[in-house]
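If you want the building blocks of each chain, they are given just below.
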There are 2 protein chains.
Amino acid sequence: MKLSKFYYAILFFLISCNQDNDRFAIVIHGGAGTILKKNMSDEMEKEYKIKLEEALNIGHSILRENGKSIDAVEAVIKFLEDSELFNAGKGSVLSNNEEVEMDASIMRGDNLNAGAISGVKQIKNPIKLARKVMEESDHVFLSGLGAEKFALSKGFELISNENLITEKRLKSLKNIKKRDSIIDNKFGTVGCVAVDKNGNITSGTSTGGMTNKKWNRIGDVPIIGAGTYANNETCGISSTGWGEFFIRNVVAYDISAQIEYNKISIKNAAKNTLEKVKKLGGSGGVIGIDKDLNIIMEFNTEGMYRGFKKYNGETEIKIYK
Amino acid sequence: MKLSKFYYAILFFLISCNQDNDRFAIVIHGGAGTILKKNMSDEMEKEYKIKLEEALNIGHSILRENGKSIDAVEAVIKFLEDSELFNAGKGSVLSNNEEVEMDASIMRGDNLNAGAISGVKQIKNPIKLARKVMEESDHVFLSGLGAEKFALSKGFELISNENLITEKRLKSLKNIKKRDSIIDNKFGTVGCVAVDKNGNITSGTSTGGMTNKKWNRIGDVPIIGAGTYANNETCGISSTGWGEFFIRNVVAYDISAQIEYNKISIKNAAKNTLEKVKKLGGSGGVIGIDKDLNIIMEFNTEGMYRGFKKYNGETEIKIYK
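Here is what the cut-offs are and how they apply
Residues numbered from 1 in each chain as written. Chains lettered and ligands numbered in written order. Predicted model: local features only at pLDDT ≥ 70, side-chain atom pairs only at ≥ 80, totals over all residues. Heavy atoms only, no water. Helix = DSSP H or I, 4+ residues; strand = E, 2+ residues; numbered from the N terminus. Buried < 20%, exposed > 50% of the residue type's maximum accessible area, 1.4 Å probe, protein only. Least-squares fit on C-alpha atoms with pLDDT ≥ 70 in both. Contact = heavy atoms within 4.5 Å. Pairing = 2+ DSSP bridges. Axes fitted to C-alpha atoms, helices over the stretch in contact; angles between N-to-C directions. Buried area = accessible area lost by both parts, 1.4 Å probe. Salt bridge = Lys/Arg side-chain N within 4 Å of Asp/Glu carboxyl O. Phe/Tyr/Trp six-rings, centres within 6.5 Å; stacked < 30°, edge-to-face > 60°.

J.: So what about the environment of A:Leu94? Which residues, and what values?
T.: Residues and elements named next belong to chain A. Secondary-structure assignment places Leu-94 in the loop between helix H3 (69–82) and strand S2 (102–108). The class for Leu-94 is buried, based on a relative accessible area of 0%. Each C-alpha atom of the pair Leu-94 and Val-251 lies 25 Å from the other, and the pair is 157 residues apart in sequence.

Okay, structure coming up:
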């Protein structure tokens, strides 16, 4: 009898361990901004939700099959870049001179390695290039033609910028040019944070930036600490918002720093940071997961394309407030 | 008798107030790295120290005459950029294709406004362009040709890249290419942090980056949060080090965050942050001033060209450990 109790205890211990080791999660965003239900057809809404669900499932399967968070994040962001719905990769917004100019970054929380690129025009999947910079260059951040030369040297195919341009974005650019405005109020970006079964956190973000942007403007997306940050000791964050305000508030790292130094929850940290952004006149959102698998999807805009899925199947996909 | 005591008290109060309002300080660096006394002639050492002193005096006079910290920082960095001794502006190190490619950033602590540029080749004083981006564009960060187009539109003169190249740097590039190394062990950068009589903190940093750099590499200097940060509530910081490690550790903002969230001194915060950089394999230094006028010049390399000067005339100029 005593022995069988002992076996039960061992068995229980093994099951607990196993469950603990099987915990993983993924969270994504597809941009924040003035996204209102009244401006969205049911069909369009459905299309967005289906894409977000597909993206989550891609990441979820990788993580479930013992994949690494870095692979999940890359695969999910590649999928979102390839979708014309989101402002990243194909379907990126257009710069003032009618070109697609993309930024991306990725960071892993186990060794704080990071890779970023800005202003690339001939790369199908910027997130893949950001990862390549992290893994196969001595640098963190490459830009413009230089980043594309690096890509070529690593076997990437350079594609024509035209292949990345969609009719919809061309129309948006023309509308904005008529209004002579640089402010779009929709911060199109895609981002993903994942924690794998080993507890390794990866964050990644990719974007075409702001419609009608000039002068090779760099936003927060490729800035480690602003658009993307990951640290296994604290959390992983991906931002989407008015880049200038996110840079000035060092948004992604500010959330991590509050967890590390202030010992507050990721949710409260994110709320505080977005409050700082708002105080300066900016807006946007963040997604994140902390080391205990708490998930956040915070924003101070009308909406944010977003969703998460956890190891136990718990999932949520939302667009509006 | 009672009345005269009262007058003395008032007088004393006014003097104290006046003294308090008259407090200001400036600190500068001219890069960190393997700077050893045995490799430096007495003459060379003297030359560096004279330049650092002149730079400090330029900033000190502006602040003494009620000037703003933003004007002091700009003037000091312009002076250091114009000197061929330092890796910024004229005398910048050369990229792999024998060009000067410069980065700079500036941030003010009163409103958290910031401006940054990277990869400019035809600008005499990158710090002036960074300030112009901050003050006269809707953006924080412009790069490459785009940044130069913006400069032109604001009346900047574009100069030939050759005018920024010196014999000394051409020789260094050739030596490094022979060794096929990207590691220089000297992190040439110039930086300045100043607090004016109104308590406004400004930080600025400028550099030619790494010798033999390729692929339009961007280092920490133009990254707000890594190379430069300023906030009147905490401190101002300018970094000089192995840029990749400074980006990954969000160095400048990490020091500010520790002051804000951990309530520790700027000195201890800087030591902690540099320890994190070292742990990952990086090295370099930081200068800074907190809101109470405590000055730091911390580094984990053999040397750092550095100096400070305070409102009361207290000053220090040093090179080695």
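Here the narrative resumes.
J.: Could you give an account of the relation of the copies chain B and chain A, naming the residues involved and the relevant values?
T.: Once chain B is rotated about the relating axis by 180 degrees and shifted along it by 0.0 Å, it coincides with chain A to within an RMSD of 0.0 Å. Both chain copies can therefore be described as sitting about a two-fold axis. Looking at the rotation axis and the C-alpha trace of chain B, the residue lying nearest is B:Tyr261, at 2.9 Å. Mapped onto chain A, 100% of the interface residues of chain B are again interface residues, and the two copies thus contact each other with one and the same surface.

J.: Tell me what's going on with the sheet that holds strand S9 (residues 228–230) of chain B, and back it up with residues and numbers.
T.: All names here are of chain B. What the four strands build is an open sheet, ordered S9-S10-S11-S12; its pairing is antiparallel. The sheet is open, and its two edges are formed by S9 and strand S12 (295–299), each paired on a single side. Taken pair by pair, the neighbouring strands of this sheet meet at an average axis angle of 10 degrees, ignoring direction. Strands S9, strand S10 (235–241) and strand S11 (284–290) of the sheet are contacted by helix H8 (residues 251–262), whose axis makes an angle of about 145 degrees with S10. Against the sheet, helix H9 (residues 266–280) touches S10, S11 and S12, its axis set at about 20 degrees to S12.

J.: Tell me about the sheet that holds strand S12 (residues 295–299) of chain A, and please be specific about residues and values.
T.: Residues and elements named next belong to chain A. The four strands are arranged S9-S10-S11-S12 in an open sheet whose pairing can be described as antiparallel. Two strands bound the open sheet, and with one partner strand each, they are strand S9 (228–230) and S12. Looking at each pair of strands side by side, their axes are set apart by 10 degrees on average, direction ignored. Pairing between strand S11 (residues 284–290) and S12: five bridges, direction antiparallel. When the sheet's bridge partners are listed, Ile-289 is paired in S12 with Ile-295. The sheet contacts of helix H8 (residues 251–262) involve S9, strand S10 (235–241) and S11, and relative to S10 the element is tilted by about 145 degrees.

J.: Could you give an account of unusual backbone geometry, naming the residues involved and the relevant values?
T.: With a phi close to 65 degrees, A:Asn66 is a non-glycine residue in the positive phi region. Classification of A:Asn66 by relative accessible area gives exposed; the value is 58%.

J.: Tell me what's going on with the interface of chain B and chain A, and back it up with residues and numbers.
T.: Across the boundary between the two partners, chain B contributes 44 residues, which contact 44 residues of chain A. Across the chain B/chain A interface, buried area totals approximately 3,600 Å², and carbon plus sulfur atoms make up 63% of it. The three residues of chain B that bury the most area against chain A are B:Trp215, B:Arg248 and B:Tyr261, which together make up 22% of that side's buried surface. Summed over the shared surface of chain B and chain A, the number is two salt bridges. Secondary structure elements with two or more residues in the side of chain B that touches chain A: strand S3 (114–120), strand S4 (141–143), helix H5 (144–153), strand S8 (217–218), helix H7 (243–248), H8 and H9 of chain B. Counting residues per element, the side of chain B that touches chain A draws most heavily on H8(B), at seven residues.

J.: Help me get a handle on the packing of aromatic side chains, residues and values and all.
T.: This structure, assessed with the given rule, holds 13 aromatic pairs over all chains. For the ring pair A:Trp215 and B:Phe150, a centre distance of 4.9 Å and an interplane angle of 65 degrees mean the geometry is edge-to-face. With one member in each of two chains, A:Trp215 in the loop between strand S7 (201–207) and strand S8 (217–218) and B:Phe150 in helix H5 form a pair that bridges those chains. Relative accessible area serves as the criterion here: at 24%, A:Trp215 is assigned to the partly exposed category. On the numbers, 4.9 Å between centres and 80 degrees between planes, the contact of B:Tyr229 with B:Tyr253 is edge-to-face. Of this pair, B:Tyr229 sits in strand S9 while B:Tyr253 sits in helix H8; the two residues are 24 residues apart in sequence, bridging distant segments of the chain. Taken individually, B:Tyr229 and B:Tyr253 each receive the classification buried, so the pair is uniform in this respect. One aromatic cluster is present, formed by A:Tyr229, A:Tyr253, B:Tyr229 and B:Tyr253 through successive ring pairs.

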